[in-house]
Amino acid sequence: MARRRLSEAIRWQIIGMHATGASFKAIGRQLGYHYTVISRLVRKHRQTGAVKDRPQSGRPRVTSEREDRAFLRIIRREPFSTSTVLKRAWLPNRHLSTRTVRNRLKAAGMAARRVIKRPRLTEDHKRRRLAWCLARQRWNLRTWRRIHWSDESRFLLHVTDGRLRVWRHRNTAYTPRNIRQTVPFGGGSVMVWGCISHDCKLDLVTVRGNLTGDQYMRHVLEPVVVTHFDNHPLATRPVYMDDNARPHRSRAVVDYLQNNAVTTLPWPAMSPDLNPLEHVWDILGRRIQALQPPVQTLRELEAALHREWLQVTREQIRRLTGGMRRRVDAVIRARGGFTRY
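All values reported here derive from a predicted model rather than from experimental measurement.

K.L.:
Give me the pattern of salt bridges: which residues, what numbers.
P.N.:
Taken as a whole, this structure holds 16 salt bridges when the rule is applied. Note that Arg249 and Asp242 form a salt bridge whose closest N and O atoms lie 3.0 Å from each other. When its relative accessible area of 34% is taken as the criterion, Arg249 is described as partly exposed. With a relative accessible area of 1%, Asp242 lands in the buried category. Ionic contacts of the salt-bridge type, sharing partners, join the residues Arg61, Asp68 and Arg104 into one network.

K.L.:
Got a sec to walk through helix H11 (residues 277-289)? Specific residues and values, please.
P.N.:
Look at H11: 19 Å from first C-alpha to last across 13 residues, which is about the 18 Å you get at 1.5 Å a residue. Of all the residues in H11, the buried ones are Leu277, Val280, Trp281, Ile283, Leu284, Gly285 and Ile288. Where H11 is buried, its residues touch strand E1 (147-156), strand E2 (189-196), helix H12 (298-311) and helix H13 (314-321).

K.L.:
Outline the packing of helix H9 (residues 213-229) against helix H10 (residues 251-259), listing residues and values.
P.N.:
Taken N-terminus to C-terminus, the directions of H9 and H10 make an angle of 20 degrees; their axes are 10 Å apart at the nearest point. With respect to their mutual orientation, H9 and H10 come out roughly parallel. Handedness of the H9/H10 crossing: right-handed. Within the contact between the two elements, H9 uses Gly213, Tyr216, Met217, Leu221, Glu222 and Val226 and H10 uses Ala252, Val253, Tyr256 and Leu257. A breakdown of the residues in the contact of H9 with H10 according to their chemical character gives eight nonpolar, one polar and one charged.

K.L.:
Outline the side chain of Glu302, listing residues and values.
P.N.:
Note that Glu302 resides in helix H12. Within the structure, the side chain of Glu302 is placed 3.1 Å from the side chain of Thr206, a separation counted as a polar contact. Contact partners of Glu302, with chain neighbours within four places excluded, come to Val190, Thr206 and Arg208.

K.L.:
Describe the packing of aromatic side chains, naming the residues involved and giving the relevant values.
P.N.:
Scanning the entire structure with this criterion turns up nine aromatic pairs. Ring geometry for Phe71 versus Trp90: centroids 4.5 Å apart, planes at 40 degrees, classification tilted. Highlighted residues: Phe71 in helix H4 (residues 65-77) and Trp90 in helix H5 (residues 83-90), separated in sequence by 19 residues. By the burial criterion, Phe71 is buried, and Trp90 matches it. Relative to Tyr240, the ring of Phe229 has its centre 6.2 Å away and its plane inclined at 80 degrees; by these criteria the two rings are edge-to-face. Of the two residues, Phe229 sits in helix H9 while Tyr240 sits in strand E4 (residues 239-241), which places them 11 residues apart along the sequence. Summarising the burial analysis for this pair, Phe229 and Tyr240 share the class buried. Of the aromatic side chains, those joined through ring pairs into one cluster are Trp132, Trp139, Trp144, Trp149 and Trp267.

K.L.:
Break down helix H6 (residues 98-107) for me, citing the residues and quoting the values.
P.N.:
Looking only at H6, the buried set comprises Thr100, Val101, Arg104 and Leu105. On an axial view of H6, the arc spanned by its buried residues comes to 140 degrees, and they lie on one face. In H6, those exposed residues whose orientation departs by more than 90 degrees from the buried face are Lys106 and Ala107. Lining the buried residues of H6 we find H4 and H5. Just beyond H6, the residue with positive phi is Gly109, at close to 80 degrees.

K.L.:
Could you give an account of the nonpolar core, naming the residues involved and the relevant values?
P.N.:
General note: in soluble globular proteins, nonpolar side chains tend to be found buried as a group. In terms of nonpolar packing, the biggest core is built from 35 residues, with Trp149 and Leu305 touching the most fellow members. Taken together, the elements giving at least two residues each to this core come down to helix H7 (123-135), E1, E2, E4, H11, H12, H13 and helix H14 (324-333). When residues in this core are grouped by element, the largest group, five residues, is from H11. One finds Leu202, Leu211, Leu221 and Tyr256 within the second-largest nonpolar core, a separate group that totals 20 residues.

Cut-off values and rules
- Residues numbered from 1 in each chain as written.
- Predicted model: local features only at pLDDT ≥ 70, side-chain atom pairs only at ≥ 80, totals over all residues.
- Heavy atoms only, no water.
- Salt bridge = Lys/Arg side-chain N within 4 Å of Asp/Glu carboxyl O.
- Buried < 20%, exposed > 50% of the residue type's maximum accessible area, 1.4 Å probe, protein only.
- Helix = DSSP H or I, 4+ residues; strand = E, 2+ residues; numbered from the N terminus.
- Expected span 1.5 Å × (residues − 1).
- Contact = heavy atoms within 4.5 Å.
- Axes fitted to C-alpha atoms, helices over the stretch in contact; angles between N-to-C directions.
- Parallel < 35°, antiparallel > 145°, perpendicular 65-115°, else oblique.
- Left-handed = near helix turned anticlockwise from the far one by under 90°.
- Nonpolar A, V, L, I, M, F, W, Y, C, P; charged D, E, K, R; others polar.
- Polar contact = N/O pair within 3.5 Å; in protein donor to acceptor, adjacent residues only side chain to side chain.
- Phe/Tyr/Trp six-rings, centres within 6.5 Å; stacked < 30°, edge-to-face > 60°.
- Arc of directions from axis to C-beta.
- Core = buried A, V, L, I, M, F, W, Y, C linked by side-chain atoms within 4.5 Å.

Set out below in structure tokens:
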């Protein structure tokens with residue numbers, strides 16, 4: 001049975017009753033406490049003049065400061081490990097609880113947070129990214145606004161977000177309203193191609209099936225890109241950017257662009273953070289998921305993508321393309337590594 005704690009009001013009442021001449025046993029019988037509790041309280045008041053409990057040291061720590069520093073070094077080496085794995089790697093011959101591990105993590109200011117996913121970068125990728133950015137570090141907005149950024153993106157009909165959470169009571173995990181229903185492969189997908197620049201936004205193109213070099217020329221370059229570029233004088237002709245996807249680098253596509261006087265921007269591999277169009281895809285994805293009622297068929301998804309593409313404003317695009325110098329500087333500071341973009 002847990003001991004009843006004396007409230008501060010009761011403690012002062014005991015001191016007052018003892019000051020009037022009441023004995024320890026009489027006070028204990030009247031208030032329902034053992035007389036030794038009364039005597040200890042009175043003795044504490046005589047010694048300190050107070051009735052509050054003294055500060056207590058609490059339970060002694062099971063690890064030393066040196067062992068805690070060793071634990072932080074393990075965390076820096078293995079940040080994706082669970083508390084159980086960390087416990088075994090930290091002090092394998094010591095009986096520790098996972099609660100102790102979590103307490104040390106909390107004391108160090110660490111918490112389990114969302115993982116940022118980025119393409120795998122080799123040392124060669126980093127060198128090429130850094131060289132690309134150093135060569136364009138001095139470009140101003142007048143130069144960047146000539147670049148036409150292009151890319152393809154695939155949108156699932158039913159997006160499954162691994163970070164989704166549900167508010168529910170215990171033992172209600174299998175209640176139908178708490179279950180998120182899924183379908184294989186997201187129920188199908190729609191691939192689209194888009195292109196933006198600081199001053200314009202080209203038509204969105206739906207890609208049927210898998211993109212090939214021939215399809216890229218017939219459905220994207222010829223009707224959209226070359227037609228748009230032909231409206232510019234050669235002196236102010238834009239520069240076309242596409243990534244290193246296999247259809248973009250086929251011999252037929254390269255020859256077609258050269259024959260139509262389309263200048264392309266060399267592109268370092270694994271560099272989606274340098275393409276502002278990636279953020280436009282993110283805008284479209286969030287808008288599609290927020291639609292009410294949600295899209296139910298691939299045809300509805302395709303129509304919604306084209307509709308939302310038209311709703312992307314020039315101001316939104318210019319905020320992205322106007323920040324290219326910041327993106328380049330971020331890659332240089334990271335020596336070709338990962339950035340926040």
